[in-house]
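Notes for the structure review
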Amino acid sequence: DIKTVVQVIGGVEPPFSGAVLRPPFMETVFLDGIPSFLIGSVLDNIMLHARAWVTPKMAWAVAELVGIPRRFASDRTVYQPYDLPEVLRHKVCMARALVADPHTICVAALALLPGVWQRKPLQALARWQCAGGLAGLLCDCLGEGGISAAATPLS
């Protein structure tokens, strides 16, 4: 019924099951409550499914938006999946989703539990949506030069 739909949209009653219907040409990223982190550096994990035009500098602009500390930008340490705190792994997943620039990002209610997600990742997701995607988000966070200014290698 319409009341349930309004409650779900308003976040009053999270959905526990259902389906997402979309055309087959649209890309969807699903973030569940279990953060996936592969063996490698934080940057390697963020760039895993990034668009071909995304540079490391662009990825770090997004990473900083979701709250990943800058010290990981130059850290090439190879981490095992559970070496990093869960909150940081969730942020890496959000940054990875944003640089993949899908048409839709679905976030499971379990992934929104207090203490797991903080304000910055959700604000970054909202900015991505309002900007109309990754290109708009990068222009928003990097200034007018946005994408072309970030095309230089990460220093």
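Read on for an overview of the structure. All of these numbers come straight from a predicted model, not from anything done at the bench.

1. Observations regarding the overall build of the chain
- Within the chain, the secondary structure is distributed over seven helices and two strands.
- Going from N to C terminus, the chain has its helices and strands arranged as α-β-α-α-α-β-α-α-α.
- In the chain, of all internal contacts separated by at least 6 residues, the share reaching a separation of at least 24 is 75%.
- When the accessible area of the chain is evaluated, it comes to approximately 8900 Å², of which 61% is carbon and sulfur surface.

2. Description of the packing of helix 3 (residues 56-66) against helix 4 (residues 86-100)
- Taken N-terminus to C-terminus, the directions of helix 3 and helix 4 make an angle of 135°; their axes are 9 Å apart at the nearest point. Comparing their axes, helix 4 and helix 3 come out oblique. Considering only the axes of helix 3 and helix 4, their crossing is right-handed. Two secondary-structure elements touch here, helix 3 through A59, V62, A63 and V66 and helix 4 through K91, M94, A95, L98 and V99.
- Here the residues of the contact of helix 3 with helix 4 are counted per class, giving eight nonpolar, no polar and one charged.

Reading the values: rules and limits
- Residues numbered from 1 in each chain as written.
- Predicted model: local features only at pLDDT ≥ 70, side-chain atom pairs only at ≥ 80, totals over all residues.
- Heavy atoms only, no water.
- Helix = DSSP H or I, 4+ residues; strand = E, 2+ residues; numbered from the N terminus.
- Contact = heavy atoms within 4.5 Å.
- Areas by Shrake-Rupley, 256 points an atom, 1.4 Å probe, with all protein chains shown as cover.
- Axes fitted to C-alpha atoms, helices over the stretch in contact; angles between N-to-C directions.
- Parallel < 35°, antiparallel > 145°, perpendicular 65-115°, else oblique.
- Left-handed = near helix turned anticlockwise from the far one by under 90°.
- Nonpolar A, V, L, I, M, F, W, Y, C, P; charged D, E, K, R; others polar.

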